[in-house]
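Residue strings, one per chain:
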Amino acid sequence: MRALRHLLLLSGLFAAAFAHATHNRAGEIIVCHVQGLVYQVTIVTHTKLSAPADRPDLVLDWGDGTVDTIARTNIIDTPSQDLRRSEYVATHTYSGPGVYTLQFDDQNRNGGVVNVPNSIAQSFCVKTQLVISPVTGNNCSVRFLNSPIQNACLNQLWTHNPVAFDPDGDSLSYEPAVCLGLFCEPIPGYSFPGPNYSINPLDGTITWNAPSQLGEYNIAFIVREWRRVNGQWRQVGWVTRDMQITVLPCPDQQPPQIVDRNDTCVVANTLLAFNVQASDPNAGQTVNLTALGAPFQVPNSPATFTSPPPAQNVSGTFNWNTNCSHVRPQPYQVVFSATDNAQVPLQDYSSMNITVIAPPPLNPVATPSGNAIQLNWDASVCSNANGYRIYRRSGLFGYTPAYCETDVPEYTGYQFIAAVNGVGTTSYLDESDLVFGNQYCYMVVATFANGARSIASVEFCAILDRQVPVITHVSVGLTDAVAGVDTVRWSNAYDLDTLSRPGPYQFKLYRGTGFSTATEHIWTSGLHPFLAHPDTQFIDIGINTRDQAHVYRVEFLGDDGNTSIGFSNVASSVFISTVPNDEQLTVQWALNTPWINTLYEVFRFEAGDWLLVGTSSTDSYVDTGLVNGQEYCYYVRSTGAYSDDAIVSPLINYSQEVCGIPVDLTPPCVPVVSLDNDCELPLNTLTWTNPVNACGDLDTFGYNVYYSDSLGGEFVLIASLVGAGDTLFTHINNSSVAGCYLVTALDSVGNESAFSVQVCGDNCPEYTLPNIFTPNGDGVNDLFGPFPYRGVKSIDLQVFNRWGQPVFESLDPDITWNGTHKDNGEPLSDGVYYYVCNVIFSRLAGDEVITLKGYVHLLGSGSPQRLP
């Protein structure tokens, strides 16, 4: 009776709700950071003005376990639309960083909504997610500039754009959502308006083609906010809007049409102006052309749109005097709306994106300064810039920014070398790994706190003054482990200030093994009174050029050899090696030179002479068509130059000689595997492609088959098949066909291919027990056991008499119980016995456990169960 009273009370509450709260049409929750952990929320609702229900306050769940009642702060009534727009504003202090889902649940929706079953009894709920994180920073959620109460025409294309505006400039994405009801759960039976209903995920335009039934419809969508933080896109929150569309009968007419405009880009501090055109295809109809969007919402120098008087063909003018406060990485969306003057107005929307970019830093200059280059440029005209990024490359690229191209694109070959903070920090001294004799070019980009970057400056270049020697030649003259020879040459320091650094002058040469460090002093030149010192070559003999590279560095001394003026950059010989493979050798090389090598020529010794067999601009060359087991010998000749035209070029150097022998190390190609997973037989049948036919691997010898009994499990080798044509394998794991397989191919020398793509099968397990057996010795149904089963890994069976005492137990899936007691083997009395059987099935995703409970009739013992 108590349950009945509860039911009647609940029914009464719902009846009261139907009578007094049938009003909610649309709404959303907006949240915005105030300071610290304080956030302000605005709940926006759109309700039926004619409904008797009205809400002077609403209950909001802040998402942190706190619930508050929020009073209404603003009302706008539109009687012509039977519409009341209400705002409820409050602030809340959160305890710390976290992800909070704010929501309000208000009864009820208005009645008669076509796609919301029994809408008059459905609650109205919307949610907003707030992310408080020190990583992503403060956030104000998206808000909407277009009304959520819209009309559509029966059997006419309907389009709508909510014109979402994010005050932080975050990127937005859009997705459809199910309308929410009681307890903010999806409304049971809710359906989207029709099969041709969609929302553009990039610009938010909603399309319904076309309404086929009169009445009111509710739709919901989620707008997600994305922010680029440290090079990664992170979601910083989302807002759900629930809105209402009223489908009305309309005359046979077509909606107006806007001439779409392409996305565009504008440099800050310049005027962006263009015309937007729209027309109505229906005679006698006029068009009202308007514009909404973020450019009209910016606090400093907002855009304007001059709407023309309504006419059949109209043209409006967009104007925006941009400035540096508008610079941001994300574009500004503008939505143009054309509305006709029909009894039920039809609309067309057209959206475009406008990106405001910062101008480049001006008047950059690069000046050599000893072994460094001093960079200077003018401060950005955008005072809100927070610093600069500096990029460098060797030699001029000839870069001209493409349309709307900011920063320094990777394809130019420029590398980022430094960043400086502050808009007024307009200089940088580059001391990083500069090489005498090379030209260095730079570009500078202004940066902004919101992640925006300006157009790159023009390229500006400099060459270090040659105040130290420049090595031009490190070449192997003889390959030997003991008596090897290197030849080293360099040019004089012709840009040295001889007044401040007087002679006589002298060189010291240092050597090292490898490519980077030369510290062993091996030679000292004589003194010479002038910069044009004649001793600029040294032949280094008695070294191991066969097994190692050598690197050299020249020290320049003045004042009778008593004062060190400076060192050249290090330069190494070209050192080559070979990597064997099937009927080929890869000749590869390593070196460290201050000049740029652009060509490598590979020579092979053949028939008593060295022949050019190929060229490369990288660090390797593959010599093919060779005979396995036969030795081949090579050397490489490199050609390069400094970017300073005053230094002799081309620079030609030779590597040591090296020999190698091709060996078959190439496995067959990977088999393509198919699986026939027959879970009823049960049997798995694997077939795969033969590499002989698939890719011409004629030395394919056999295959390995690997098996794992579950997804993510360890694979073990279960079969090795001999013969390229043996491409079929059957397998069952006891009674289970659950598991995954990999197949590899092997060649005649044991090379094994990579694993094939994993193929997997699963069981369709079955295990059923009978409800009667007759252990009377007649050979028919004498044993209690399962019907034919499959996919069973193990069982745990217990059988009880009517007093709950265990009389039989088994772990064997076949059971084979003959009706005797588990303790003494005596036949049990006729009667009904209860069993509990835990069955473990082998499944692809892992073991699955089910519990079977039931009764079995034991007949044939001739005596009934008695009390124990």
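This text goes with the structure placed above it.
In this text, all values refer to a predicted model and were calculated from it rather than measured experimentally.

**Focus on the packing of aromatic side chains**
- For the structure on display, the rule yields 40 aromatic pairs.
- Through a chain of ring-to-ring contacts, three or more aromatic side chains come together here, namely W490, Y505, F507, W523, F538 and F556.
- Above the ring of F416, the side-chain terminus of R389 is found at 3.9 Å from the ring centroid.
- In this structure, R553 packs its charged tip against the face of Y510, placed 5.7 Å from the ring centre.

**Observations concerning the state of the cysteines**
- Under the counting rule described, the total for this entry stands at 10 disulfides.
- There is a disulfide in this structure between C125 and C184, and the S-S distance comes to 2.0 Å. Measuring handedness by torsion sign, the sulfur bridge of C125 and C184 sits at about 95° and is right-handed. Placement of the pair is C125 in strand β7 (residues 124–132) and C184 in the loop between β12 (171–177) and β13 (197–199), with a sequence separation of 59 residues. Across the pair, exposure class does not vary: C125 and C184 are buried alike.
- Two residues share a disulfide in this structure: C740 and C760, whose sulfurs sit 2.1 Å from each other.

**Observations concerning the nonpolar core**
- Of all hydrophobic cores here, the largest spans 75 residues; its most connected members are F318, F336, I373, Y442 and W490.
- In terms of residues, this core owes the most to one element, strand β30 (residues 439–448), which gives five residues.
- Once residues within four sequence positions are removed from consideration, W490 is found in contact with P469, V470, I471, T472, F507, L509, W523, D535, T536, Q537, F538 and V554.
- V113, A220, I222 and I245 belong to the second-largest nonpolar core, a separate cluster that totals 28 residues.

**Focus on the pairing of strand β59 (residues 848–858)**
- Two elements, strand β55 (residues 772–773) and β59, share two bridges in a ladder whose sense is parallel. Its bridge partner lying in β59, I772 is registered against H857.
- As paired strands, strand β58 (residues 831–841) and β59 are joined by 11 bridges and run antiparallel to one another. Of the residues in β59, the one forming a bridge with Y835 is G854.

**Some points on the layout of surface pockets**
- Taken as a whole, the largest pocket holds about 960 Å³ of empty space.
- What lines the largest pocket is a set of 38 residues, and nearest its centre among them are R228, P329, N450, G451 and A452.
- Taken together, the elements giving at least two residues each to the lining of the largest pocket come down to β15 (215–229), β24 (347–357), β27 (385–394), β28 (415–421) and β30.
- Within the lining of the largest pocket, the residues separate by chemical class into 15 nonpolar, 15 polar and eight charged.
- Its volume calculated, the second largest pocket comes out at about 310 Å³.
- As for the second largest pocket, its lining consists of 16 residues, and the residues nearest its centre are L172, L202, P331, Q333 and N353.
- When contributions to the lining of the second largest pocket are tallied by element, the ones reaching two or more residues are β11 (164–165), β12 and β23 (332–340).
- Counting residues per element, the lining of the second largest pocket draws most heavily on β12, which supplies three residues.
- Among the residues forming the lining of the second largest pocket, the class breakdown is eight nonpolar, four polar and four charged.

Here is what the cut-offs are and how they apply
Residues numbered from 1 in each chain as written. Predicted model: local features only at pLDDT ≥ 70, side-chain atom pairs only at ≥ 80, totals over all residues. Heavy atoms only, no water. Phe/Tyr/Trp six-rings, centres within 6.5 Å; stacked < 30°, edge-to-face > 60°. Lys NZ or Arg CZ within 6 Å of the ring centre and 35° of its normal. Disulfide = S-S within 2.5 Å. Helix = DSSP H or I, 4+ residues; strand = E, 2+ residues; numbered from the N terminus. Buried < 20%, exposed > 50% of the residue type's maximum accessible area, 1.4 Å probe, protein only. Core = buried A, V, L, I, M, F, W, Y, C linked by side-chain atoms within 4.5 Å. Contact = heavy atoms within 4.5 Å. Pairing = 2+ DSSP bridges. 1 Å grid on protein atoms, 1.4 Å probe; cavity = no way out; pocket = protein on both sides within 12 Å on 5 of 7 lines; lining within 4 Å. Points joined across faces, edges and corners; volume = space filled by probe spheres on them. Nonpolar A, V, L, I, M, F, W, Y, C, P; charged D, E, K, R; others polar.

Shape descriptors only; they carry no functional weight alone.
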